[in-house]
Amino acid sequence: MRVTINEIKEMKSKQEKIVMLTAYDYSTAKLVDEAGIPLILVGDSLGMVMLGYESTIPVTMDEMIHHTKAVVRGTKQALVIGDMPFMTYHTSISDALRNAARFIQEGGAQAVKLEGGVTVAETVKRIVECGIPVMGHIGLTPQSIHQLGGHKVQGKTPEAAERLLKDARALEQAGAFAVVLELVPAPLSKLITQKLSIPTIGIGAGLECDGQIQVISDLLGLFSDFVPKHAKQYAKLAGLIKTALADYIAEVKAGKFPTTEHSSTINESLLEELARA
Ligand code: KIV
C-alpha cells in the first residue's frame, strides 16, 4: 500500500519530519523506496542530471512520462509525484488538466507538482477538483529562471517576503496538499510553515520546514557539473564510479577480465568436433 497525501499531511500535525527525494529511474527509485522514503519526486531536474540540458526548460511531457513510469515500476510504498514541465500548465486550464492526467494515467504517479503561487492557484484548484493531488512549489522556481535572473535566494525584501506568504496561502486555499519552498531565507520559511496547515518541504530553505527534499544526484555526489550550496553530499559516488571504470579498463586491457568465474563452458568433445568441421 502506498503512502497517501493524508498520511503526509498528518505528519505535519504530528510534527514528524517529512523526507522527500527525487528519483528518475527504476533502479534508483527501488533503493529510495526500500530505504523507506515516503515521497519521491520525478523532478524536471532530470533535464540537467539525466538528460544533460542546461536547465529544466527544454524538458517535455513525454520525457517526464518516460521517467515517471520507470520510477513507479521501481516503487511499492512511496507516493510518486510527477513534476509538470515548463509551459504544460500555463497555456490553459484544460491543457493543465490534460497534462496532469497524463502523469496519473500514463505515468502511474499519484500526484503532480507545479511551480508558482497566486498565478497558478486557479489551475491548482481545478486539478485538485478533478481528483489529482497537487504539490505547490514557490521561492526559486527554476522554470522562471530567465525572469528571476539566476539561482538567487527569494523573498529577501519585505514586498517579496509578503508575496511568498500570499503565494503559499493561495496554494493552500486552492487545495495543494504540500508546498516546496526553494531558496527561501530560513526565518521566512519558518513563518510560512507556522502559518500553513499543509506541510512545507524545503530545499535551501532552512531547518524549520516540515520536511526536506534533495536532488538525489547531489545527495549521492553523482553530478559534478555544479554542487548547489544547499546540497549535502552524503556519498561521493562519482569518485567511486571513476575508480571502478579505471579498474575495468585496466583488467580488460591486461587480459584479467573475464576470469573463468564470469564465463561458461561447453563439453570438450563437442568443441573438438566443431573444430574438425
Ligand atoms: O525538479 C526538481 O528536482 C525540483 C526539486 C528541486 C524541488 O523541483
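Remember, predicted model here, so these are calculated numbers, not experimental data.

What counts and how
Residues numbered from 1 in each chain as written. Predicted model: local features only at pLDDT ≥ 70, side-chain atom pairs only at ≥ 80, totals over all residues. Heavy atoms only, no water. Helix = DSSP H or I, 4+ residues; strand = E, 2+ residues; numbered from the N terminus. Contact = heavy atoms within 4.5 Å. Domains from an automatic or database assignment. Expected span 1.5 Å × (residues − 1). Salt bridge = Lys/Arg side-chain N within 4 Å of Asp/Glu carboxyl O. Buried < 20%, exposed > 50% of the residue type's maximum accessible area, 1.4 Å probe, protein only. Pairing = 2+ DSSP bridges. Axes fitted to C-alpha atoms, helices over the stretch in contact; angles between N-to-C directions. Near = heavy atom within 4 Å. Polar contact = N/O pair within 3.5 Å; in protein donor to acceptor, adjacent residues only side chain to side chain. Nonpolar A, V, L, I, M, F, W, Y, C, P; charged D, E, K, R; others polar.

Engineer: Lay out the environment of Leu164 with the relevant residues and their values.
Structural biologist: Residue position: Leu164 is located in helix 8 (residues 158-174). Separated by 77 residues in sequence, Leu164 and Ile241 place their C-alpha atoms 41 Å apart. Other than its neighbours up to four places away in sequence, Leu164 contacts Ile138, Gly139, Gln154, Gly155, Val184, Leu188 and Ile192.

Engineer: With reference to specific residues and values, describe the domain arrangement of the protein.
Structural biologist: Many analyses report the size of an interface as the accessible area lost when the parts associate. In terms of domains, the protein is made up of domain 1 (5-235) and domain 2 (240-276). Relative to domain 2, the C-alpha centre of domain 1 lies at a distance of 46 Å.

Engineer: Would you mind going over helix 11 (residues 237-253) in detail, with residue names and values included?
Structural biologist: If you check helix 11, its first and last C-alpha atoms are 24 Å apart, about what 17 residues at 1.5 Å a residue would give, namely 24 Å. In the segment just after helix 11, Gly255 is the residue with positive phi, at about 70°.

Engineer: Talk me through the pattern of salt bridges; I want residue IDs and the actual numbers.
Structural biologist: The tally for this structure, following the rule as stated, stands at 8 salt bridges. The partner of Lys12 in a salt bridge is Asp210, and the shortest N-O contact between them spans 2.8 Å. Pair noted here: Lys12 is in helix 1 (residues 5-13) and Asp210 is in the loop between strand 7 (200-203) and strand 8 (211-214), with a separation of 198 residues, a long-range link. Asp210 gets classed as buried once you look at its relative accessible area, which sits at 13%. Notably, a salt bridge pairs Arg126 with Glu129, separated by 2.8 Å at the nearest N-O pair. Separated by 3 residues within a single helix, Arg126 and Glu129 lie in helix 6 (residues 121-129), roughly one turn from each other.

Engineer: Let's hear about the sheet that holds strand 6 (residues 178-182): which residues, and what values?
Structural biologist: Read around the closed barrel, 8 strands run 1-2-3-4-5-6-7-8, paired in parallel fashion. Strand after strand, the sheet turns through a mean of 25° between neighbouring axes, direction not considered. Of the pairings in the sheet, the one linking strand 2 (residues 39-42) to strand 3 (residues 79-83) comprises 4 bridges and is parallel in character. Bridging from a neighbouring strand, Val42 pairs with Gly82 of strand 3.

Engineer: Which residues make up the site of the ligand, and what are the values?
Structural biologist: All residues in the neighbourhood of the ligand are listed as Thr22, Leu41, Gly43, Asp44, Ser45, Asp83, Lys113, His137, Val180, Ile203 and Val215. A distance of 3.0 Å separates an oxygen atom of the ligand from a polar atom in the side chain of Asp44. In the environment of the ligand, an oxygen atom lies 3.1 Å from a nitrogen or oxygen atom belonging to the side chain of Asp83. Its residues assigned to classes, the shell around the ligand comprises 4 nonpolar, 4 polar and 3 charged.

Engineer: Can you tell me about unusual backbone geometry, naming the residues and giving the values?
Structural biologist: Look at the link from Phe257 to Pro258: it is a cis peptide, with omega at 5°. With respect to the helices and strands, Pro258 occurs in the loop between helix 11 and helix 12 (268-276). Phi is positive for Gln15, which is not a glycine, with a value near 55°. Counting through the fold element by element, Gln15 comes out in the loop between helix 1 and strand 1 (18-22). Given the relative accessible area of 74%, Gln15 is considered exposed. Of note in the backbone geometry, Met87 takes a positive phi value of approximately 65° without being a glycine. Locating Met87 in the fold gives a position in the loop between strand 3 and helix 5 (93-105). Of the residues examined, Met87 reaches a relative accessible area of 42% and is grouped as partly exposed.

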